[in-house]
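Listed here are the chains, written in short residue letters.
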Amino acid sequence: MDISTKKGDMRKVTIRKIEAKSISRKYKKIDSWFISCYGMNLYRGCTHNCIYCDERSEGYYVDGEFGKVAVKVNAIDVLRKELDPNKKRFRRSFVMVGGGVGDSYQPIEEKYKLTRKSLQLMYEYNYPVHMLTKSTLIRRDIDILRKIDERSRAIVSFSFSSVNDEISAIFEPGVPPPTERLETIGFFKKEGFACGMFLLPVIPFITDTTELIEDTVKKGVEAGVDFIIFGGDDVKGGEAERLLF
Ligand code: SF4
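A few points on the structure. (Residues numbered from 1 in each chain as written. Predicted model: local features only at pLDDT ≥ 70, side-chain atom pairs only at ≥ 80, totals over all residues. Heavy atoms only, no water.)

### Remarks on the overall build of the chain
Step number 1: Scanning the chain for helices and strands turns up eight helices and 12 strands.
Step number 2: Counting all 245 residues of the chain, 53% fall into the buried class.
Step number 3: Partitioning the intrachain contacts of the chain with sequence separation of at least 6 by distance along the chain shows that 76% fall at a separation of at least 24.
Step number 4: Accessible surface, the chain: about 11,600 Å² in total, of which carbon and sulfur atoms supply 51%. (Helix = DSSP H or I, 4+ residues; strand = E, 2+ residues; numbered from the N terminus. Buried < 20%, exposed > 50% of the residue type's maximum accessible area, 1.4 Å probe, protein only. Contact = heavy atoms within 4.5 Å. Areas by Shrake-Rupley, 256 points an atom, 1.4 Å probe, with all protein chains shown as cover.)

### Regarding the pairing of strand β7 (residues 68-72)
Step number 1: For β7, a buried count of four out of five residues is recorded, marking the element as mostly surrounded by other parts of the structure.
Step number 2: In this sheet, β7 lies alongside strand β3 (residues 14-18) in parallel orientation, the contact comprising five bridges. Residue pairing in the sheet places Ile 18 in a bridge with Lys 72 of β7.
Step number 3: Relative to β7, strand β6 (residues 43-44) runs antiparallel, the two being bridged by two bridges. Within β7, the residue paired with Tyr 43 across the bridge is Val 71. (Pairing = 2+ DSSP bridges.)

### Focus: the site of the ligand
Step number 1: Within the structure, the ligand sits among Cys 46, His 48, Asn 49, Cys 50, Tyr 52, Cys 53, Gly 102, Asp 103 and Lys 134.
Step number 2: Considering only residue class, the shell around the ligand consists of four nonpolar, three polar and two charged. (Near = heavy atom within 4 Å. Nonpolar A, V, L, I, M, F, W, Y, C, P; charged D, E, K, R; others polar.)

### Some details on the sheet that holds β3
Step number 1: Strand order in the open sheet formed by three strands is β3-β7-β6, and the pairing between neighbours is mixed. Across the chains shown, the open sheet's two edge strands, defined by having one partner strand only, are β3 and β6.

### Structural notes on the sheet that holds strand β10 (residues 154-160)
Step number 1: Strand order in the open sheet formed by seven strands is β4-β5-β8-β9-β10-β11-β12, and the pairing between neighbours is mixed. The open sheet has two free edges, formed respectively by β4 (24-31) and β12 (227-230), since each of these has just one partner strand. Between one strand axis and the next, the sheet turns by 25° as a mean value, whatever way the strands run.
Step number 2: As judged from the four bridges shared by strand β11 (residues 194-199) and β12, these two strands associate in the parallel manner. The residue bridging Phe 198 from the neighbouring strand is Ile 229, located in β12.
Step number 3: Contacts between helix α3 (residues 114-125) and the sheet are confined to β5 (36-40), β8 (95-97) and β9 (129-133), with β8 contributing the most and set at about 160° to the helix. (Axes fitted to C-alpha atoms, helices over the stretch in contact; angles between N-to-C directions.)

### Let's talk about the nonpolar core
Step number 1: The biggest cluster of nonpolar side chains holds 49 residues, and the ones touching the most others in it are Leu 42, Leu 79, Leu 119, Met 122, Val 129 and Leu 145.
Step number 2: Broken down by element, this core gets its largest block of residues, five residues, from α3.
Step number 3: In contact with Leu 79, other than residues within four places in its own chain, are Ile 23, Ser 24, Met 40, Leu 42, Asp 84, Ser 118, Leu 121, Met 122 and Tyr 125. (Core = buried A, V, L, I, M, F, W, Y, C linked by side-chain atoms within 4.5 Å.)

### Brief notes about the packing of α3 against helix α4 (residues 142-151)
Step number 1: Put simply, α3 and α4 touch, their axes get as near as 10 Å, and they point 25° apart. Between α3 and α4, the crossing angle belongs to the class labelled roughly parallel. For the pair α3 and α4, the crossing hand works out as left-handed. The residues of α4 that touch α3, namely those facing Arg 116, Leu 119, Gln 120, Met 122, Tyr 123 and Glu 124, are Asp 143, Ile 144, Leu 145, Lys 147, Ile 148 and Arg 151.
Step number 2: Per-class residue counts for the contact of α3 with α4 are six nonpolar, one polar and five charged. (Parallel < 35°, antiparallel > 145°, perpendicular 65-115°, else oblique. Left-handed = near helix turned anticlockwise from the far one by under 90°.)

### Considering the pairing of β5
Step number 1: Of all five residues in β5, five are buried, a share of seventy percent or more.
Step number 2: From the end of β4 to the start of β5, which pair antiparallel, there are four residues, and Ile 35 there has a positive phi angle of about 50°.

### Let's talk about the environment of Lys 134
Step number 1: Position of Lys 134 relative to the elements: it lies in the loop between β9 and α4.
Step number 2: Owing to a relative accessible area of 10%, Lys 134 belongs among the buried residues under this scheme.
Step number 3: Distance in space between the C-alpha atoms of Lys 134 and Ser 157 is 8.6 Å, their sequence separation being 23 residues.
Step number 4: If we ignore the near neighbours within four places in the chain, the residues touching Lys 134 are Cys 50, Tyr 52, Asp 103, Phe 158, Ser 159, Glu 172, Val 175, Pro 176 and Arg 181.

### Here we look at the packing of aromatic side chains
Step number 1: If you walk through the whole model with that rule in mind, you get seven aromatic pairs.
Step number 2: Both rings, one in Tyr 38 and one in Tyr 127, keep their centres 5.7 Å apart while their planes meet at 85°; by these two values the pair is edge-to-face. With Tyr 38 in strand β5 and Tyr 127 in the loop between α3 and β9, this residue pair connects regions lying 89 residues apart in the sequence.
Step number 3: What makes Tyr 38 buried here is its relative accessible area of 1%. (Phe/Tyr/Trp six-rings, centres within 6.5 Å; stacked < 30°, edge-to-face > 60°.)

This is a description of form; function is not addressed.
As structure tokens, then:
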């Protein structure tokens, strides 16, 4: 299928439908980075195409070729069993809706709506959620996020490598520019959500200057973030290294 990640960026994406055996991971203790006890990947792969993405490096290769995305078509049925509050495994804790190998609001979410359906399940099961994305598509789900926030809690976080739109266009070609992400934080903040900024990754020698970091923190605070979490990048061998250097 053709997929548009942002204006003028049309790329061919191979979509594969798969049946997953499991979806969620439960951590022994709350993950201090992502403030959650559960994580999940609803999609495998990501068309956001960030140059520094772990998935691009050989150590994290997912489907043999960047740009392929696997849709876990049975994800909600599996989650329904895994997160059932009546099961022994249950622990009331934040669920990170998203994951390490794909943005939960990448463009195919518009069609498959796995993230939205998983939020409906979190509401039904009364789990608090922590959202982390680079996509403004999350605005679509304000209705269900509001319901979760009222009943348990919903935190909305965005990740950035900086707030510089020009640098982002090079390193994060498939996502809305930082300016739009900041606007979306402001939108959720006005709606009463706790919001976070993940300055993750700070790109070595590119976005780690004092000026850029100060500007990023300043604009995050102006947008209304309640917390900022920093992290660097360990550029691995393979595609990321080739593209960066
Ligand atoms: S949004 Fe995240 S998962 Fe997707 S390409 Fe960028 S870094 Fe990778």
